[in-house]
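Secondary and tertiary structure notes
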Amino acid sequence: MSILDDARAALESGPVCDACLGRVFADRSHGLTNDERGRSLRVTLAMQDDEPAEFVEHEECWVCEGLCGEFDAWAERAAESVADVEFETYQVGTRTPPLVEENETLLREMAELPEDAGEPFKMEFNREVGKRVGDLTGTTVDFERPDVQFVLDLEGDVVETTVHSAFVYGRYRKLERDIPQTKWPCSDCNGTGRVGKEPCDTCDGTGLLYQESVEQLVAPVVEDVMDGVDSKFHGAGREDVDARMLGTGRPFVVEVLEPRRRDVDTDRLEADVNAFADGKVEVEGLRLATYDMVERVKGLDASKTYRAEVAFDDDVDEESFASALAELDGAAVEQYTPNRVDHRRANRTRTRNVYEVDGDLVDPRHATVEVHGEGGLYIKELVSGDEGRTEPSLAGLLGVGAEVTALDVTAVAGESEPFEDASFFRD
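Residues numbered from 1 in each chain as written. Predicted model: local features only at pLDDT ≥ 70, side-chain atom pairs only at ≥ 80, totals over all residues. Heavy atoms only, no water.

Turning next to the environment of Arg260. Structurally, the position occupied by Arg260 is in the loop between strand E9 (244–257) and helix H8 (266–277). Residue Arg260 is classed as partly exposed on the basis of its relative accessible area, which comes to 36%. Beyond its immediate sequence surroundings of up to four residues, Arg260 is in contact with Asp84, Val85, Glu86, Met226 and Asp227. (Helix = DSSP H or I, 4+ residues; strand = E, 2+ residues; numbered from the N terminus. Buried < 20%, exposed > 50% of the residue type's maximum accessible area, 1.4 Å probe, protein only. Contact = heavy atoms within 4.5 Å.)

Turning our attention to the pattern of salt bridges. One pass over the full model with this rule turns up 34 salt bridges. Arg8 is paired through a salt bridge with Asp49; the nearest N and O atoms lie 2.8 Å apart. With Arg8 in helix H1 (residues 3–11) and Asp49 in helix H3 (residues 34–49), the pair connects residues that are 41 residues apart, well separated along the chain. Accessibility expressed as a relative area gives 24% for Arg8, which makes it partly exposed. (Salt bridge = Lys/Arg side-chain N within 4 Å of Asp/Glu carboxyl O.)

We now examine the sheet that holds strand E4 (residues 158–163). Ordered by their spatial adjacency, four strands build an open sheet running E2-E1-E3-E4, and the pairing between neighbours is mixed. Edge positions in the sheet fall to strand E2 (140–141) and E4, since each of these pairs with one other strand and no more. Where helix H6 (residues 121–137) meets the sheet, its contacts fall on strand E1 (89–95) and strand E3 (148–153), and the angle it forms with E1 comes to roughly 145°. (Pairing = 2+ DSSP bridges. Axes fitted to C-alpha atoms, helices over the stretch in contact; angles between N-to-C directions.)

Spanning 16 residues, H3 covers 23 Å between terminal C-alpha atoms, matching the ideal 22 Å at 1.5 Å per step. When H3 is considered as a whole, its buried residues turn out to be Asn34, Arg37, Gly38, Leu41, Arg42, Leu45 and Ala46. All buried residues of H3 lie within an arc of 165° about the axis, which places them on one face of the element. On its buried face, H3 is in contact with H1, helix H2 (18–23) and H6. Just past H3, the residue Asp50 takes up positive phi, approximately 55°. (Expected span 1.5 Å × (residues − 1). Arc of directions from axis to C-beta.)

Below, the discussion takes up the pairing of strand E16 (residues 402–414). Every regular strand shows the same layout, with side chains that alternate between the two sheet faces. With ten of 13 residues buried, E16 lies mostly within the body of the structure. Note that E9 and E16 share two bridges and pair parallel. Each residue of the ladder has a partner; that of Met245, found in E16, is Val409. In terms of strand pairing, strand E11 (residues 302–312) meets E16 through eleven bridges, oriented antiparallel. Paired with Tyr306 across the strands is Val409, a residue of E16.

Turning our attention to the side chain of Lys174. Turning to its location among the elements, Lys174 is positioned in strand E5 (residues 166–174). Reaching out from Lys174, the side chain makes a polar contact with the backbone oxygen of Val241 at a distance of 3.3 Å. When near neighbours in sequence (up to four residues on either side) are disregarded, Lys174 contacts Ile179, Val214, Glu239, Asp240, Val241, Ala243, Arg244, Met245, Leu246, Lys280 and Val281. (Polar contact = N/O pair within 3.5 Å; in protein donor to acceptor, adjacent residues only side chain to side chain.)

Turning our eyes to something else, we now look at the packing of aromatic side chains. When we look at a pair of aromatic rings, we describe it by the centre distance and by the angle of the planes. Tallying each qualifying case throughout the model produces nine aromatic pairs. Geometrically, the ring pair formed by Phe233 and Phe252 is stacked, given 5.3 Å between the ring centres and 5° between the ring planes. On the criterion of sequence distance, the pair formed by Phe233 in strand E8 (residues 230–235) and Phe252 in strand E9 is long-range, its members being 19 residues apart. Residues Phe233 and Phe252 agree in their burial class; the two are buried. Connected via pairs of aromatic rings, a cluster forms that spans Phe71, Phe121 and Phe125. Over the ring of Phe55 we find Arg39, and its NZ or CZ is 4.1 Å from the ring centre. The residue whose ring lies beneath Arg145 is Tyr291, and the NZ or CZ to ring-centre distance is 4.1 Å. (Phe/Tyr/Trp six-rings, centres within 6.5 Å; stacked < 30°, edge-to-face > 60°. Lys NZ or Arg CZ within 6 Å of the ring centre and 35° of its normal.)

A word on the environment of Met293. Position of Met293 relative to the elements: it lies in helix H9 (residues 292–299). Since its relative accessible area comes to 0%, Met293 is described here as buried. Spatially, the C-alpha atoms of Met293 and Ser81 are 28 Å apart, while their sequence positions differ by 212 residues. Non-local contacts of Met293, meaning those with residues more than four positions away in its chain, are made with Tyr169, Val253, Phe419, Phe424 and Phe425.

Here we come to the packing of helix H7 (residues 214–225) against H8. Where H7 meets H8, the closest approach of the two axes is 9 Å, and the angle between their N-to-C directions is 140°. When the axes of H7 and H8 are compared, the pair comes out oblique. Remark: the crossing between H7 and H8 carries right-handed chirality. Of the residues in H8, those in contact with Gln216, Leu217, Val218, Val221, Val222 and Val225 of H7 are Leu269, Asp272, Val273, Phe276 and Ala277. When grouped by side-chain class, the residues that make up the contact of H7 with H8 number nine nonpolar, one polar and one charged. (Parallel < 35°, antiparallel > 145°, perpendicular 65-115°, else oblique. Left-handed = near helix turned anticlockwise from the far one by under 90°. Nonpolar A, V, L, I, M, F, W, Y, C, P; charged D, E, K, R; others polar.)

An ideal rise of 1.5 Å per residue puts 24 Å on 17 residues; H6 measures up with 24 Å between its terminal C-alpha atoms. Those residues of H6 lying buried are Phe121, Glu124, Phe125, Asn126, Glu128, Val129, Gly130, Val133 and Gly134. Buried residues along H6 sit against H2, H3, helix H4 (71–81), E1, helix H5 (98–110) and E3. Just past H6, the residue Gly138 takes up positive phi, approximately 70°.

Residue Pro392 follows Glu391 across a cis peptide bond; omega there is -10°. Along the polypeptide, Pro392 turns up in the loop between strand E15 (390–391) and helix H12 (394–398). Unlike most non-glycine residues, Glu65 shows phi in positive territory, near 55°. With respect to the helices and strands, the residue Glu65 is situated in the loop between H3 and H4.

This part is about a negative patch on the surface. Taken together, the side chains of Asp317, Glu318, Glu319, Asp329, Glu356, Asp358, Asp360 and Glu370 define an acidic patch exposed on the protein surface. Of all the secondary-structure elements, those providing two or more residues to the negative patch are helix H10 (318–328) and strand E13 (349–363). In terms of residue count, E13 provides more of the negative patch than any other element does, three residues in total. Examined against the element boundaries, Glu356 turns out to sit in strand E13. (Patch = residues over 30% accessible without salt bridge, like charges linked within 9 Å, V, L, I, M, F, W, Y side chains within 5 Å. Areas by Shrake-Rupley, 256 points an atom, 1.4 Å probe, with all protein chains shown as cover. Lys, Arg positive; Asp, Glu negative; His and termini not counted. Charge placed at Lys NZ, Arg CZ, Asp CG, Glu CD.)

See below:
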């Protein structure tokens, strides 16, 4: 049978609008809308029969029940739902009424056409409404990770709008000790601030063991500037609470949920964050980032450089100190889960590499040690030995007790490539 025979068979099923007729032949003559295909077929058949063309209004169509005449209305509703939202990309999805899906199947059966002939109703509705949304908002469609997602629930007569998160990348320096990276809920009250009916004594009823964190000093400012409803802080690992993060700073991403603003001045944002943090934390290199930067920050293998102030239980001489450092330089260190973290880490032996070690003996009982090592290397235990759980260790090689009294992280760098890859930024 020819395409005209197939079109005639479809029209014989009952009143079918041009869009529903053309949709059955959506794989023919690219560049046309289904409405244009259907109208062309209808007119051609009328000319072949030498009869006036009988057009069918959308409202009279038994297949779509008038929905193909509502593209403009749905697009306007979608655009209105984001009238106060700043975005560049979008995607439209459609929840098709079951009856329309059944009518689609029945039309093809009655016309003796393959059940997958042309394209489904949902595909046309997504495309036609999507084009109109783009025209109304001046934005472009993105089928992978759009800024805004619309789902058109035709049966429920609802536009479901999801504003996806925005992301800001940067590096932070933590200039004071005893500040955790993220909020630290009190374990005694499970973060509620209360034990029974009384305020929790451990956290003074706040629900937090520490009243400030890097997250709390950075994320709220980003969230406020981007006019979001909430935020999440993602770091490339984390330093100990009592350690400072200096030097290059640590990579991080602030994820802002449901932002109304995306195109923000990151230089001004950086200044705002640093003013709010008041010298406790500072950020630099803020840039608008993609969704994938979160995974990169959390998953890219990174080396760390540390500076540790060390105290010894007994006198250490220069020769012994230098010899011990030479043994640790380039060593593969086996570390069984440290005592201080075994309540939250699986008990197992990990092998981590020390890339480089240097140090100065300040006096027989004190030294400064700098270590560049593989990510996951426990520096405090590399110094103390952790009761034999870490081998080799500075304490073990010297034969005296050794303890880190102050620790700074001075660099965090990708093992094989920098964190700052242009493909992960939006600016």
